[in-house]
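Residues per chain, in single letters:
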Amino acid sequence: PKSFSWNGTTDTGTKCDDGKYSAKLYTLSKNGSESTVATQLFELDTVYPTANIEVPYLVFSPNEDAKKDTLPLTITTSQETLWQGIIKNAKGETVKTYSWNSTAPSFQWDGCDEAGNVVETGSYNFSLTSTDPAGNFAKAEIKNIVVDTTSVKAYLTTEYDSFAPNDDGFRDMQ
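All values reported here derive from a predicted model rather than from experimental measurement. (Residues numbered from 1 in each chain as written. Predicted model: local features only at pLDDT ≥ 70, side-chain atom pairs only at ≥ 80, totals over all residues. Heavy atoms only, no water.)

*Asks:* Looking at this structure, I do not really get the overall build of the protein. What am I missing?
*Replies:* A count of helices and strands for the protein gives zero helices and twelve strands. For the protein, the succession of helices and strands along the chain, N to C, is β-β-β-β-β-β-β-β-β-β-β-β. Computed over its C-alpha atoms, the radius of gyration of the protein comes to 31 Å, more than 25% above the 16 Å expected for a compact globule of 174 residues. Expressed as lengths along the three principal axes of its C-alpha atoms, the size of the protein is roughly 125 × 35 × 25 Å. Expressed as a percentage of the 174 residues in the protein, the buried residues total 25%. (Helix = DSSP H or I, 4+ residues; strand = E, 2+ residues; numbered from the N terminus. Rg over C-alpha atoms; globule rule 2.2 N^0.38 Å. Buried < 20%, exposed > 50% of the residue type's maximum accessible area, 1.4 Å probe, protein only.)

As structure tokens, then:
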């Protein structure tokens, strides 16, 4: 045969433990010549990357009023070669990307895009992904993050220019 493949099990069908392996091939031809070849080490890896994301709230307003100006993302991940974080708007357009080696750290999103501009008021999703060298894939996501940059305006008016709270029944209250 031109090639051989292995599904990670023993001859009896038992799954092999994760670890480093190599394959050896021994041949004996009809004329008596022998040959042995071996592969480089390769890894059997059945463990998927893991990720968890937590946020204390989903609505924040990056308006520098010192009240929920950023969104704290608490992240725990397994150690992998690469983690990628992507923030997308409601249209599915990427507005901010992150990448980390080893583990993804917790961080605070300031509501800004790649250029440093505050994003528009709207709904956003944050996804965190990793694929290990064996092809095992993990994804964690926080959906419906709301960035609200709407200015709050309040107006206060009085009914009268003056009043006299003297219990005479005329303009006692404002």
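That shown, we press on.
*Asks:* Mind showing me how you'd approach unusual backbone geometry here?
*Replies:* Trans peptide bonds make up most of the peptide bonds, and negative phi angles are found at most residues other than glycine. The backbone phi angle of Ser102 is positive, close to 75°, even though this residue is not glycine. In this structure, Asn144 is a non-glycine residue whose phi angle is positive, near 60°. One can find Asn144 in strand β12 (residues 137-147).

*Asks:* Help me understand the environment of Ala23, please; the structure alone is not making it clear to me.
*Replies:* Along the chain, the position of Ala23 falls in the loop between β1 (19-21) and β2 (24-28). For Ala23, a relative accessible area of 34% corresponds to the partly exposed category. Residues Ala23 and Tyr98, spaced 75 residues apart in sequence, show a C-alpha to C-alpha distance of 38 Å. Apart from residues lying up to four places away in sequence, Ala23 is in contact with Val37, Ala38, Thr39 and Phe42. (Contact = heavy atoms within 4.5 Å.)

*Asks:* How should the sheet that holds strand β7 (residues 71-77) be read in this particular structure?
*Replies:* Remark on secondary structure: sheet strands pair via backbone hydrogen bonds, oriented parallel or antiparallel. If you walk across this open sheet you meet the three strands as β5-β7-β10, and the pairing is antiparallel. With partners counted over all chains shown, the strands left at the sheet margins are β5 (51-54) and β10 (107-109), one partner each. On average, adjacent strands in this sheet sit at an angle of 30° to one another, irrespective of strand direction. In terms of strand pairing, β7 meets β10 through three bridges, oriented antiparallel. Each bridged residue has a counterpart across the sheet, and for Pro72 the counterpart in β10 is Gln108. (Pairing = 2+ DSSP bridges. Axes fitted to C-alpha atoms, helices over the stretch in contact; angles between N-to-C directions.)

*Asks:* How do you make sense of the packing of aromatic side chains when you look at a structure like this?
*Replies:* Centre distance and the angle of the planes are the two values used to describe a pair of aromatic rings. Following the criterion strictly, the structure yields eight aromatic pairs and no others. Here Tyr98 and Trp100 contribute two aromatic rings whose centre-to-centre distance is 5.5 Å and whose plane-to-plane angle is 10°, an arrangement assigned as stacked. Note on Trp100: relative accessible area 15%, which makes it buried. On the numbers, 4.6 Å between centres and 45° between planes, the contact of Tyr98 with Phe107 is tilted. For the pair Tyr98 and Phe107, one class covers both residues: buried. Three or more aromatic residues link up through ring pairs in this structure, and these residues are Tyr98, Trp100, Phe107 and Phe126. Over the ring of Tyr57 we find Lys68; its NZ or CZ atom is 4.7 Å from the centre of that ring. (Phe/Tyr/Trp six-rings, centres within 6.5 Å; stacked < 30°, edge-to-face > 60°. Lys NZ or Arg CZ within 6 Å of the ring centre and 35° of its normal.)

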